[in-house]
Amino acid sequence: MSVTPEQILSTLRAVRDPDLHRDIVDLGFVKNILIEGGAVRFDVELTTPACPVKEDLKRQCEELVKALPGVEQVAVNMTSQPARAVGGQRTELLREVRHVVAVASGKGGVGKSTATANLAVALARAGAKVGVLDADIYGPSMSLMFHVKEAPVIDERKKLLPVTALHGIKVVSMAMFSDDEKPVIWRGPMVSQMIQNFVHNVVWGELDYLLIDMPPGTGDVQLTLTQSAPISGAVILTTPQDVSVLDAKKGLKMFQRVSVPVLGVIENMSYFICDNCSKRHYIFRQGGGRRIAESLGIPFLGEIPIEPEVAEGGDAGMPIVERHPDSPAGLAYRRIAGALAASLSVLTATQGDVLGEFDLKWEGLKQA
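The rules behind these values
Residues numbered from 1 in each chain as written. Predicted model: local features only at pLDDT ≥ 70, side-chain atom pairs only at ≥ 80, totals over all residues. Heavy atoms only, no water. Helix = DSSP H or I, 4+ residues; strand = E, 2+ residues; numbered from the N terminus. Rg over C-alpha atoms; globule rule 2.2 N^0.38 Å. Buried < 20%, exposed > 50% of the residue type's maximum accessible area, 1.4 Å probe, protein only. Contact = heavy atoms within 4.5 Å. Areas by Shrake-Rupley, 256 points an atom, 1.4 Å probe, with all protein chains shown as cover. Lys, Arg positive; Asp, Glu negative; His and termini not counted. Charge placed at Lys NZ, Arg CZ, Asp CG, Glu CD. Core = buried A, V, L, I, M, F, W, Y, C linked by side-chain atoms within 4.5 Å. Pairing = 2+ DSSP bridges. Axes fitted to C-alpha atoms, helices over the stretch in contact; angles between N-to-C directions. Salt bridge = Lys/Arg side-chain N within 4 Å of Asp/Glu carboxyl O. Right-handed = clockwise from strand over helix to strand, strands pointing away. pLDDT = per-residue confidence, 0-100. Phe/Tyr/Trp six-rings, centres within 6.5 Å; stacked < 30°, edge-to-face > 60°. Lys NZ or Arg CZ within 6 Å of the ring centre and 35° of its normal. Parallel < 35°, antiparallel > 145°, perpendicular 65-115°, else oblique. Left-handed = near helix turned anticlockwise from the far one by under 90°. Expected span 1.5 Å × (residues − 1). Arc of directions from axis to C-beta.

### Looking at the overall build of the protein
Step number 1: Broken down by element type, the protein carries eleven helices and 17 strands.
Step number 2: Taking 2.2 N^0.38 as the reference for a compact globule, 368 residues should give roughly 21 Å; the C-alpha atoms of the protein span a radius of gyration of 22 Å, in line with that estimate.
Step number 3: A buried classification covers 50% of the 368 residues belonging to the protein.
Step number 4: Partitioning the contacts of the protein with sequence separation of at least 6, the portion at a separation of at least 24 is 72%.
Step number 5: As displayed, the protein offers around 17500 Å² of accessible surface, 52% of which is attributable to carbon and sulfur atoms.
Step number 6: Charge separation in the protein, taken as the distance between the mean sites of 38 positive and 43 negative side-chain charges, equals 4 Å.

Rendered as structure tokens:
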């Protein structure tokens, strides 16, 4: 007797998404079941291509279905369709961008731009469509990080078309419009206007994630970005020592004050691994990022070790996730990208539940 779609779905209820805490059938992930004799094929459509447990979910599905009587072969196709976060009103040019993520810190010098570039590459390598907006007008660096020098093309509508870097990552940076050796000497209103242009006059197209490399601090430019761009959530970068953690905490509270969800904390320059003894050396103290996350009840996304290859890759326009993906820092960035994607999925699901409850209440009021 051939297995039925109902039996397959019933069996797959044992597979649970570890972040959303529901089974993949109730979540609507299982699609396109096809049965041909003893061969079964189906899709599992996740909420992100960067799901850190994708292979584990696939293995569970294969093992459970193959154990059903009459099943001889199982083919599971893992796909993804990131849900759109609520995160503010979207303009016409941002309508196809599912998630806008601010990568921020309260101070400079913590490696925020390097982290943004590597997270973008990690997400793109996982199959996501990614864009990077370099919002640091005074100190833009994404052109160097991705080795792109040409300026964006202006189309017939006078809109900017981003420059495409490795893995199809779309990049826009002030560095594309200015001389590398000349400083940008602008007053606040001019910077805010340029930020507005970056947000509203760039044709980003369809993206799963648009990462904004935020300038350091909590001033005018940061407020302009949070008020202009439909930010789904923010990631806070810090180094372990207290002076950095204190400033990171200020940046974190700024996003909370303007009602932007904080997706988690990343600790950069966490430790150095000695070549000779393989021991971890905590040069800038230990655990500051984890402490701030735990004290404020937000996720700690992970630690990034100090490696000379990180700086070398950034200077060469080849982020370490691309140049040495299996190095300690490369693996750390890849894990953090997965944790970030998972945090966004949880946030989107939570927003969806809240909106669903509102819709039900609204329908009840209308009927009454």
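### Quick word on the nonpolar core
Step number 1: Among the nonpolar cores identified, the biggest contains 42 residues, and Leu123, Phe146, Ile169 and Ile266 are the most heavily contacted of them.
Step number 2: Aside from chain neighbours lying at most four places away, what touches Leu123 is Ala50, Ala128, Val130, Tyr209, Leu211 and Ala337.
Step number 3: Among the nonpolar cores identified, the runner-up in size contains 41 residues, and Ala102, Ala104, Ala135 and Leu210 belong to it.

### Re the pairing of strand S4 (residues 39–46)
Step number 1: The sheet contact formed by strand S3 (residues 30–36) and S4 spans five bridges and is antiparallel. Residue pairing in the sheet places Leu34 in a bridge with Arg41 of S4.
Step number 2: In sequence, S3 turns back onto S4 through a hairpin of two residues, with Gly37 there showing a positive phi of about 65°.
Step number 3: Two elements, S4 and strand S5 (residues 73–80), share eight bridges in a ladder whose sense is parallel. Its bridge partner lying in S5, Leu46 is registered against Ser80.

### Brief notes about the environment of Ile195
Step number 1: With respect to the element layout, Ile195 can be found in helix H5 (residues 188–200).
Step number 2: Residue Ile195 is classed as buried on the basis of its relative accessible area, which comes to 1%.
Step number 3: Taking the C-alpha atoms as reference points, Ile195 and Met174, 21 residues apart in sequence, are found 9.6 Å from one another.

### Re the sheet that holds S3
Step number 1: Reading across from one edge, S3-S4-S5 is the order of the three strands in this open sheet, with mixed pairing throughout. The sheet terminates laterally at S3 and S5, the two strands that pair on one side only. Neighbouring strand axes in the sheet, compared pairwise and without regard to direction, differ in orientation by 15° on average.
Step number 2: Helix-sheet contacts for helix H2 (residues 54–66) involve S4 and S5, and the interaxial angle to S5 is about 150°.

### Concerning the sheet that holds strand S11 (residues 170–173)
Step number 1: Ordered by their spatial adjacency, eight strands build an open sheet running S10-S11-S7-S12-S6-S13-S14-S17, and the pairing between neighbours is mixed. A single partner strand is all that each edge strand has here, and the edge strands are strand S10 (163–164) and strand S17 (300–303).
Step number 2: Relative to strand S14 (residues 262–267), strand S13 (residues 233–238) is paired through five bridges, and the arrangement is parallel. Bridge pairing in S14 places Ile236 opposite Val265.

### Describing the pattern of salt bridges
Step number 1: Counting across every chain of the model gives 14 salt bridges.
Step number 2: Through salt bridges with shared partners, a single network forms among Arg98, Lys129, Glu206 and Asp208.

### Considerations on the pairing of S13
Step number 1: With six of six residues buried, S13 lies mostly within the body of the structure.
Step number 2: Neither face of S13 is left uncovered, since the one carrying Gly233, Val235 and Leu237 and the one carrying Ala234, Ile236 and Thr238 both have all their residues buried.
Step number 3: Handedness of the crossover is the feature at issue here: the chain leaves S13, passes through helix H7 (residues 242–257), returns alongside S14, and the resulting connection is right-handed.

### Description of the confidence of the model for the protein
Step number 1: Within the protein, residue pLDDT values average 84, and 90% of them lie at 70 or more.
Step number 2: Contacts of residues 353–368 to residues separated by more than four positions or lying in other chains number two contacts, the stretch itself having pLDDT below 50.

### Details of the packing of aromatic side chains
Step number 1: Applying the stated criterion across every chain yields a total of one aromatic pair.
Step number 2: Seen from their ring centres, Tyr271 and Tyr282 are 5.9 Å apart, and the 65° between their planes marks the pair as edge-to-face. With Tyr271 in the loop between S14 and strand S15 (272–273) and Tyr282 in the loop between strand S16 (280–281) and helix H8 (288–296), the pair connects residues that are eleven residues apart, well separated along the chain.
Step number 3: The side chain of Arg280 reaches across the aromatic face of Tyr271, ending 4.0 Å from its centre.

### Describing the environment of Pro215
Step number 1: For Pro215, the location among the structural elements is in the loop between strand S12 (207–213) and helix H6 (220–228).
Step number 2: Sequence separation between Pro215 and Asp136 is 79 residues, and the spatial gap between their C-alpha atoms is 4.4 Å.
Step number 3: Other than its neighbours up to four places away in sequence, Pro215 contacts Lys112, Ala135, Asp136, Val221, Gln222 and Leu225.

### Describing the packing of helix H1 (residues 5–12) against H2
Step number 1: One can describe the packing of H1 onto H2 by two numbers: an axis separation of 9 Å at closest approach and a directional angle of 130°. By the angle between their axes, H1 is oblique relative to H2. The chirality of how H1 crosses H2 is right-handed. Taken together, the residues of H2 that come into contact with H1 (itself represented by Ile8, Thr11 and Leu12) are Cys61, Leu64 and Val65.

### A word on H2
Step number 1: Taking 1.5 Å per residue as the helical rise, H2 with its 13 residues ought to reach 18 Å, and the 18 Å between its terminal C-alpha atoms agrees with that figure.
Step number 2: Here H2 has its buried residues at Leu57, Cys61 and Val65. Buried residues along H2 cover an arc of 55° about the axis, so they all sit on one side. Of the exposed residues in H2, those oriented more than 90 degrees away from the buried face are Glu55 and Lys66.
Step number 3: Tucked into the core, H2 has its buried residues touching H1, strand S1 (16–17), S4 and S5.

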